[in-house]
Structures are given as C-alpha cells and as structure tokens.
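If you want the building blocks of each chain, they are given just below.
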Amino acid sequence: MNSNAADPLDTLDDAVAAAAFRRLVRHLRHRSDAQNIDLMGLSGFCRNCLADWIRDAGFDGDKAAARQVIHGMPMAEWKERHQQPATPEQLARMEASVAKNA
C-alpha cells in the first residue's frame, strides 16, 4: 500500500465495522474448539486480546466484564467448559507469534 494513501480501513463506516466485529466475536463464541493459545500462536491475538481492545476503545467495564462480553460468559466458566491445557509446542508457537507483534 502506498504510504501516502489513506488506509481504506479508516474510511470504513462505524456501523459496518461494528457489525463485522460482532460477527467475529459470535464466530469465536461458536468455535470454542479454536483455543486461545492456538489463535495466539497463529495470529498473535485471541479472545482476551479482543477484550483488552474494547477496553482500550472506551468500554467502561473492568477486565472481567470485557472478557465476559467477548466470551459470552464469565471467564472462569469459559475456561472450565472449553479451555484445554496448553502443550509446550503451543506455548512456543505463541511466544514466537507474539514476538512479531512488537
């Protein structure tokens, strides 16, 4: 992309962006088999990052409330229902991926 050109993302209507965000969150709620550790290992972000990002964007709630918005339930309940123990390989992929975020 030309560095002098406006990023089309910045011109995206807020309602359209909000609808796409809600669809992403609902998709991640449906795909509880997609573990956060795997999302982190592939993309460097996960559901918890989305919760942090909504707080950064002005969400009034605390970290627990933001995570509940994204997970659709309290974090402890989500972990009990869906989270599997991370393997050493998953942790290594996550660390390498997160390092690319810097």
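For every chain, the first residue of its written sequence is number 1, and the numbers climb from 1 along that sequence. Local features are withheld for residues below a pLDDT of 70 in this predicted model, meaning they are given only at 70 or higher, and side-chain atom pairs are given and counted only at 80 or more; totals for whole chains, interfaces and linings count all residues. In computing side-chain properties, one takes all heavy atoms of the structure into account and sets aside hydrogens as well as water.

1. Details of the overall build of the protein chain
Here's step 1: Summing up its helical and strand segments, the protein chain has six helices and zero strands in all.
Here's step 2: A run of DSSP states H or I qualifies as a helix once it reaches four residues; a run of E qualifies as a strand once it reaches two. Both are numbered from the N-terminal end. Put simply, the protein chain runs from its N terminus to its C terminus through helices and strands in the order α-α-α-α-α-α.
Here's step 3: Expressed as lengths along the three principal axes of its C-alpha atoms, the size of the protein chain is roughly 45 × 30 × 25 Å.
Here's step 4: Categorising residues by exposure relies on relative accessible area from a 1.4 Å probe, with only protein chains included: less than 20% of the type maximum marks a residue as buried, more than 50% marks it as exposed, and the intermediate range marks it as partly exposed. When the 102 residues of the protein chain are sorted by exposure, 28% land in the buried category.
Here's step 5: Expressed as a percentage of contacts within the protein chain between residues at least 6 apart in sequence, the contacts between residues at least 24 apart total 48%.
Here's step 6: Methods summary: accessible areas were calculated by the Shrake-Rupley approach with a probe of 1.4 Å, and residue burial reflects only the protein chains presented. Of the accessible surface of the protein chain, which amounts to about 7300 Å², a share of 54% is contributed by carbon and sulfur atoms. Whether two residues touch is decided by their heavy atoms; if any such pair falls within 4.5 Å, the residues are in contact.

2. Description of helix H5 (residues 75-82)
Here's step 1: Those residues of H5 not exposed but buried are Met75, Trp78 and His82. Summarising the axial view, the buried residues of H5 lie within an arc of 60°, below the 170-degree limit, and thus occupy one face. In H5, the exposed positions that point more than 90 degrees away from the buried face belong to Ala76, Glu80 and Arg81.
Here's step 2: Of the surrounding secondary structure, the elements contacted by the buried residues of H5 are helix H2 (36-43), helix H3 (47-56) and helix H4 (63-71). The reported arc concerns the directions from the helix axis to the C-beta atoms and nothing else.

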